[in-house]
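The primary structure of each chain is shown beneath.
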Amino acid sequence: MLAVDMPLISAELLTFSLHGGRKQQRHRHRCPHEQSLQPLCAIYRRDFLPVAERALRAGKYKIDAAFAGVSVRVIDAGELAAAGFSERSFFNVNTPQDLKKALKE
């Protein structure tokens, strides 16, 4: 899953994510700068679908709510940095100003 407001995510980072999560059920990133999960840049197995559907039916619309009780593999900032990826990859572009900032850096 990849949010459309993360245009700086590279194919290499997606490949890293896919291979890094081979042995795990779920794969979410922590943005090193914000120390928050990046669940919209993640690899999800198909067996997560019923969990997500139950959460939605219960009115829990934030995806993090669906993670309770499931096995999750989080790639932390150290792993990302060691593999050559930076927090900039997860930069969200939601406004024209954000776009200018992304293009400038």
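Look a little higher up for the structure.
Just so we're clear, the structure is a prediction, and the values are computed from it rather than from any experiment.

### A closer look at the overall build of the protein chain
A count of helical and extended segments in the protein chain gives 4 helices and 3 strands. Taken from the N to the C terminus, the helices and strands of the protein chain come in the order α-β-β-α-β-α-α. Per-residue burial for the protein chain yields a buried fraction of 31% across its 105 residues. Pairs at least 24 residues apart make up 62% of the contacts formed inside the protein chain by residues separated by at least 6 positions. Accessible area of the protein chain: about 6900 Å², with a carbon and sulfur share of 55%.

### Some points on the pattern of salt bridges
The final tally for this structure, using the stated rule, is 2 salt bridges. The shortest N-O distance in the salt bridge between R45 and D47 comes to 3.9 Å. On the basis of relative accessible area, R45 is assigned to the partly exposed category, the value being 44%. In this structure D47 comes out as partly exposed when scored by relative accessible area, which is 38%. Among the ionic pairs, E79 bridges to R73, the shortest N-O distance being 2.6 Å. E79 sits in the partly exposed class, given a relative accessible area of 28%.

### A short note on the packing of aromatic side chains
All told, the structure shown has 4 aromatic pairs when counted by the stated rule. Between Y44 and F67 the ring centres are 6.1 Å apart and the planes differ by 5 degrees, which places this aromatic pair in the stacked class. With Y44 in strand β2 (residues 36–44) and F67 in the loop between α2 (49–57) and β3 (73–75), this residue pair connects regions lying 23 residues apart in the sequence. For the pair Y44 and F67, one class covers both residues: buried.

Cut-offs and rules
Residues numbered from 1 in each chain as written. Predicted model: local features only at pLDDT ≥ 70, side-chain atom pairs only at ≥ 80, totals over all residues. Heavy atoms only, no water. Helix = DSSP H or I, 4+ residues; strand = E, 2+ residues; numbered from the N terminus. Buried < 20%, exposed > 50% of the residue type's maximum accessible area, 1.4 Å probe, protein only. Contact = heavy atoms within 4.5 Å. Areas by Shrake-Rupley, 256 points an atom, 1.4 Å probe, with all protein chains shown as cover. Salt bridge = Lys/Arg side-chain N within 4 Å of Asp/Glu carboxyl O. Phe/Tyr/Trp six-rings, centres within 6.5 Å; stacked < 30°, edge-to-face > 60°.

On their own, these measurements won't tell you what the molecule is for.
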